[in-house]
Structures are given as structure tokens and as C-alpha cells.
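# Residue-level structure breakdown
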Amino acid sequence: MPPLPIFMSMNGKITFTMVKPSAHASGYSGKILAKIEEGGFKIIALKLVHLTKEQACMFYDVHIGRPFYEELVNFMSSGPIIAAILQKENAVEDFRKYIGATDPAKAEPGTIRNLYGKNMGENAVHGSDSDENAVREAGFFFSSLERP
Ligand code: IDP
Ligand code: MG
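The structure reproduced in this document is the subject of the present report. Here the residue numbers are simple positions, counted from 1 along each chain's written sequence. All chains are assigned letters beginning at A, and all ligands numbers beginning at 1, according to the order in which they are written. Owing to the predicted nature of the model, reporting of local features is limited to residues with pLDDT of at least 70; listing and counting of side-chain atom pairs is limited to 80 or more, with chain, interface and lining totals taken over all residues. Hydrogens and waters are ignored; side-chain quantities use all the structure's heavy atoms.

We now examine the overall build of the protein. Helix and strand definitions here come from DSSP, where helices need a minimum of 4 consecutive H or I residues and strands a minimum of 2 consecutive E residues; each element is numbered from the N-terminal end. Secondary structure assignment for the protein yields seven helices and four strands. Going from N to C terminus, the protein has its helices and strands arranged as β-α-α-β-α-α-β-α-α-β-α. Our radius of gyration looks at C-alpha atoms and nothing else; its globule reference is 2.2 Å times the residue count to the power 0.38. Radius of gyration (C-alpha) of the protein: 14 Å, near the 15 Å computed for a compact globule of 148 residues. Principal axes of the C-alpha set define a box for the protein whose edges measure 35 × 35 × 25 Å. Per element, the accessible surface of the protein, about 7,400 Å² overall, is 55% carbon and sulfur. When charges are counted, Lys and Arg are positive and Asp and Glu negative, with His and the chain ends excluded. Note on charges: their place is set at NZ of Lys, CZ of Arg, CG of Asp or CD of Glu. In the protein, 16 side chains carry a positive charge and 17 a negative one; their mean positions are 2 Å apart. Only the protein chains shown count as cover for residues, and all accessible areas are computed by the Shrake-Rupley method using a 1.4 Å probe.

Have a look at this one:
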């Protein structure tokens, strides 16, 4: 992924999420966005995008070399996703808790991945894993005209 964007004043207060292709195709985007808002996360940028394989490779470049990388980028470019920037105090950590474990079978009952995930790959949503990655991921999807 490209270097950090200049815009960083919301560092610590934002996270980045995607409704993954399988969840969007199943018609869960509305329910998932509602659940995100119910959790106290404010949607401050939002779009529907169909990533090319090259774009998915770039987004997930941190996972290059992992056994699931090829499957992951094929899946993430298989259909449209909903991308959003979310604002909340302690956004990254709180959202990771709110979506649950990577494997939906291990995610706490009531979490988004528990409710809407199918398996380890098709786990309904993405959530940034650090403040630095949240800023980087938000900058990958949204220009300065598309976000506060
Ligand atoms: P995370 O999304 O909970 O942060 P990561 O380890 O960063 O989990 O992995 C990124 C994504 O790659 C996961 O959300 C999942 O969709 C996919 N993934 C991770 N591990 C596996 C696996 O063992 N098999 C298939 N897909 C995987
Ligand atoms: Mg991750």
C-alpha cells in the first residue's frame, strides 16, 4: 500500500471497515451498517467499490507470502464491497471487539462476524488492526474530497 496520507488529525479516533463481497452479495450490507451505528461508530465516509485483483493485492500487501493470500485477494476482488471510515474514541480496538474473531465460528455471539460471517475467509467484514493501518487504509479508499 502507498505511504501514509498527510491527513492524520483523526489518528486514534477512526477505523476503516469493509463489508466483504459475500456479505454484500447476501444482502447484509444494510444490516451490518445499522449494527455498526448501533455500536456507537459514526460513519464519516462511505462508498461501494468493486476492487480489481491488483487493488486487492495492494490493500492486503502485508499478507504477501501467507498461504491464504491468493484466496484472499481473489475473494476480495470477486464482487462489490462497501468501504467506510468509522469515527469513535478508541475506534480500532473497540471495532475489533465489536466484529469478533477472524474465524466466525470463534467470534463471540452477537458480534458482526458471528452473525454474518460464513467461514475464515468469508468473515463478513474487515476491521483495521492499528491506528496507523486505519489511517493508511482510509487513505487508500477515500480522497480528501470524500471524507472529513
Ligand atoms: P483479520 O481480518 O481478523 O485482521 P487477518 O489475519 O488480518 O485477520 O487476515 C485478513 C483476512 O484474511 C481475514 O479477515 C480473512 O478474510 C482472511 N484469512 C485469514 N486467515 C485465513 C485462513 O486461514 N484461510 C482463509 N482466509 C483467511
Ligand atoms: Mg487484519
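What follows is about the sheet that holds strand β2 (residues 42-49). Read from one edge to the other, the open sheet built from four strands follows the order β2-β3-β1-β4, with strand pairing classed as antiparallel. The open sheet has two free edges, formed respectively by β2 and β4 (125-127), since each of these has just one partner strand. On average, each strand axis in the sheet is inclined to that of its neighbour by 20°, with strand direction left out of account. In this analysis, strands are considered paired if DSSP registers two or more bridges between them. Helix axes are fitted only over the stretch in contact, all axes being lines through C-alpha atoms; the angle between N-to-C directions runs from 0 to 180 degrees.

With that out of the way, let us pick up the nonpolar core. Take the buried residues of types Ala, Val, Leu, Ile, Met, Phe, Trp, Tyr and Cys, join any two whose side-chain atoms come within 4.5 Å, and each joined set is a nonpolar core. Burial classes follow relative accessibility: with a 1.4 Å probe on protein chains only, a residue under 20% of its type's maximum area counts as buried, one over 50% as exposed, and anything between as partly exposed. Among the nonpolar cores identified, the biggest contains 23 residues, and Met 18, Tyr 60, Met 76 and Phe 141 are the most heavily contacted of them. Where this core is concerned, the elements lending two or more residues are β1 (14-19), β2, α3 (53-59), α4 (69-76), β3 (81-87) and α7 (131-141). Per-element tally for this core: the top contributor is α4, with five residues. With residues near it in sequence (within four places) discarded, Met 76 still touches Met 18, Lys 20, Pro 21, Leu 51, Ala 56, Tyr 60 and Ile 81. Contacts between residues were defined by any pair of non-hydrogen atoms, one from each residue, lying within 4.5 Å.

In the region of ligand 1, the neighbouring residues are Lys 20, His 63, Phe 68, Glu 71, Leu 72, Arg 96, Thr 102, Arg 113, Met 120, Gly 121 and Asn 123. Think of a polar contact as two N or O atoms within 3.5 Å of one another; within protein, one of them needs to be a possible hydrogen donor and the other a possible acceptor, and neighboring residues in sequence only count if both atoms come from side chains. Between ligand 1 and Arg 96 there is a distance of 2.8 Å, counted from an oxygen atom to a side-chain nitrogen or oxygen. Within the backbone of Met 120, a nitrogen or oxygen atom sits 3.4 Å from an oxygen atom of ligand 1. Throughout, near means a residue has at least one heavy atom within 4 Å of the molecule or strand.

Only centres within 6.5 Å qualify two rings of Phe, Tyr or Trp (six-membered ring in Trp) as a pair; their planes then separate them into stacked at under 30 degrees, edge-to-face at over 60, and tilted for everything else. Enumeration over the complete set of coordinates arrives at nine aromatic pairs. With 5.9 Å between their ring centres and 50° between their planes, Phe 16 and Phe 59 make a pair best called tilted. Placement of Phe 16 in strand β1 and of Phe 59 in helix α3 is noted, with a sequence separation of 43 residues between them. Each member of the pair, Phe 16 together with Phe 59, is buried. Their ring planes at 80° and their centres at 5.2 Å tell us that Phe 41 and Phe 95 sit as a pair that is edge-to-face. Separated by 54 residues along the polypeptide, Phe 41 in the loop between α2 (29-38) and β2 and Phe 95 in helix α5 (residues 91-99) bring together distant segments of the chain. Judged by its relative accessible area of 0%, Phe 95 falls in the buried class. Feature note: the residues Phe 16, Phe 59, Tyr 60, Phe 140 and Phe 141 constitute an aromatic cluster, connected by ring pairs.

Bear in mind that shape data such as this cannot, by itself, settle questions of function.
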